[in-house]
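# Analysis of the macromolecular model
Read off the chains here:
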Amino acid sequence: MTQIWVDADACPVPVKDMLIRAAERTRVQITFVANQPIRLPAGLPMNAVQVPPGFDVADNYIVQHAKAKDLVITQDIPLAFEVVKLGVVAVSPRGQLHTPESIGQRLAIRDLMSDLRDAGMVRGGPPPFSSSDKQQFAKQLDSWLAHRPRAVV
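Attention in this report is confined to the structure presented alongside it.

About the criteria used
Residues numbered from 1 in each chain as written. Predicted model: local features only at pLDDT ≥ 70, side-chain atom pairs only at ≥ 80, totals over all residues. Heavy atoms only, no water. Buried < 20%, exposed > 50% of the residue type's maximum accessible area, 1.4 Å probe, protein only. Helix = DSSP H or I, 4+ residues; strand = E, 2+ residues; numbered from the N terminus. Right-handed = clockwise from strand over helix to strand, strands pointing away. Pairing = 2+ DSSP bridges. 1 Å grid on protein atoms, 1.4 Å probe; cavity = no way out; pocket = protein on both sides within 12 Å on 5 of 7 lines; lining within 4 Å. Points joined across faces, edges and corners; volume = space filled by probe spheres on them.

## Looking at the pairing of strand E2 (residues 29–34)
- Among the 6 residues of E2, 5 are classified as buried, and the element is accordingly described as predominantly covered.
- Handedness of the β-α-β unit built from strand E1 (residues 3–7), helix H1 (residues 13–26) and E2 comes out right-handed.
- In this sheet, strand E3 (residues 46–50) lies alongside E2 in parallel orientation, the contact comprising 5 bridges. Bridging across to E3, Ile30 finds its partner in Met46.

In structure tokens form, the structure reads like this:
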């Protein structure tokens, strides 16, 4: 049975709220992985895994546990790169779908931007989370939910 994995340390609240509603509606299993405690409503097929603090600890947990056809929600491009190689569907909280065809280029752009920031040539981060981002994420989530493999009863 497929499930959703959330890189939850930087997950926007509107995305978390959408995921809670998806769990209520579809009963899909969702696991939030973070370095800090996460509060979730009781009675839903959701759980929170708190990993120890450290560089990429939550990412490594997700890579070790996600399976092909699962959905991983992350804004971390290196994590998306790793799970896409495993056949996992990866989507950013802004609704950007990462595919085997696109993830290599996105990783290269991410590395270039990191180098430019380190050199002081680029400042700032991504724009604030917008209603357009929320809509794009909802579209990707609904698409995955509609096409996900389901357990045979």
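What follows continues from the structure just given.
## So, the layout of surface pockets
- Taken as a whole, the largest pocket spans an internal volume of roughly 780 Å³.
- Contributions of two or more residues to the lining of the largest pocket are made by helix H2 (57–65), helix H3 (77–85) and helix H4 (103–118).
- At 5 residues, H4 tops the list of elements feeding residues into the lining of the largest pocket.
- Looking at the second largest pocket, its volume works out to about 160 Å³.
- Lining the second largest pocket are Lys69, Leu71, Val89, Val91, Leu97, Gln140, Ser143, Trp144, His147, Arg148 and Pro149.

Keep in mind these values describe shape, not function.
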